[in-house]
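Coordinates in review
Below are the chains, spelled out letter by letter.
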Amino acid sequence: MKIACLGCSWTRGIHPNSEPMPDNETYPYHLMKYLGNNNIKADIIQAGRPGAGVNYCHLVADYLIKEFDPDMFVFQITTHDRDILALDPIEEKEKRIRFGFDEVNEGDRSYYKIWDLSDNIIHLSPGLGASASQHHEEKRWEWFIEKVYNDKIKNKVTPHLSLENFRSYISTWYEQQSQTDYQKYFYYSQTYSLIDYLQEKGKDVLPFYWLKHKPEFRSNLFDLRPYPSIEGLFGKNNFKSYQIDEGYHFSSEGNAKLVDDFLGPSVLGTMK
């Protein structure tokens, strides 16, 4: 059995110093151990990506279907205030969205880590946007904006785009679009359509939110789906006790608790 875990940095696991968590501290790894303790052999595909929005999950799910054909998708639904800046690189080889993976053998099981290798997409997140804005005190990710510019934009796109113009684009997105009615409206359709696409492929899907707060739902095209949230299931104080930073990331203990109390039993129940 193969289980793919989609999501943002809450799935990938991040330490307070912004370094990635070791594999064995993340909830996908804890899930693999939980299933093994219940006599279920399952390969786990860690496809969490820091800064990723729901639209990115469409892209990586498409890759996973082709490369691994998972039986189940655990879908950690991230927040609405994220997006993608798509680029058109000069080099033909860099125009395609690309992924890769590492495989770690765990006895009779495998743990796969998916890598976003695309040179033509940039993930826009609240932290990145705030760091680019002149109207916000957050400066933690200024270095990363320069790194992304040097890695993906400088001398790689035409017409030329300066660092200041790039920073201005991110700032404009953050200040003018990330909280708009438009952004909030399509958050639900993107989320639900991915779930529906995967189910139409015959895949089991286990969706859940990380945070309890979600934007207002007001579509007349489809109904609101009451997927659970980890914050709601844990309770505010208990949830906060497992946080290791201001970005709501969990400690290894919190990720293990998530699996023991919710994700593991939910996966077992879905399999039945």
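Because the structure is a prediction, the values reported are computed rather than measured.

Quick notes on the rules
- Position numbers for residues start from 1 in each chain and track the written sequence from start to end.
- Note on the predicted model: pLDDT of at least 70 is required for a residue's local features to be given, and 80 or more for side-chain atom pairs to be given and counted; whole-chain, interface and lining totals, by contrast, use all residues.
- As a rule here, side-chain values cover all heavy atoms of the structure and leave hydrogens and water aside.
- The disulfide criterion is simple: two cysteine sulfur atoms within 2.5 Å.
- Whether a residue is buried, partly exposed or exposed follows from its accessible area with a 1.4 Å probe, protein chains only, as a fraction of its type maximum: under 20%, in between, or over 50%, in that order.
- At least two DSSP bridges between two strands are required for those strands to pair.
- Starting at the N terminus, helices and strands are each numbered in turn, a helix being any DSSP run of H or I of at least four residues and a strand any DSSP run of E of at least two.
- Each axis is a line fitted through C-alpha atoms, and for a helix only the stretch in contact is used; angles between axes span 0 to 180 degrees, taken between their N-to-C directions.
- Contacts are assigned to residue pairs that have any heavy atoms within 4.5 Å of one another.

Per the stated rule, a full pass over the model turns up zero disulfides. There is no disulfide at Cys5, and the cysteine sulfur nearest it, in Cys57, is 11 Å away. Cys5 sits in the buried class, given a relative accessible area of 0%. Its sulfur unpaired, Cys8 is 8.0 Å from the next cysteine sulfur, which belongs to Cys57. For Cys8, a relative accessible area of 0% puts it in the buried group.

This next bit is on the sheet that holds strand β6 (residues 109–116). Read from one edge to the other, the open sheet built from six strands follows the order β5-β6-β2-β1-β3-β8, with strand pairing classed as mixed. Since the sheet does not close on itself, it has two edges, and those belong to β5 (99–106) and β8 (204–209), each with one partner. Mean inter-strand twist for the sheet, computed between neighbouring axes without regard to direction, equals 15 degrees. Pairing of strand β3 (residues 72–77) with β8 involves six bridges; the strand directions are parallel. Bridging across to β8, Ile77 finds its partner in Tyr209. Packed onto the sheet, helix α2 (residues 27–37) meets β1 (2–7), β2 (43–48), β3, β5, β6 and β8 and runs at close to 165 degrees relative to β6. Docked against the sheet, helix α10 (residues 252–271) engages β1, β3 and β8, running at close to 155 degrees with respect to β8.

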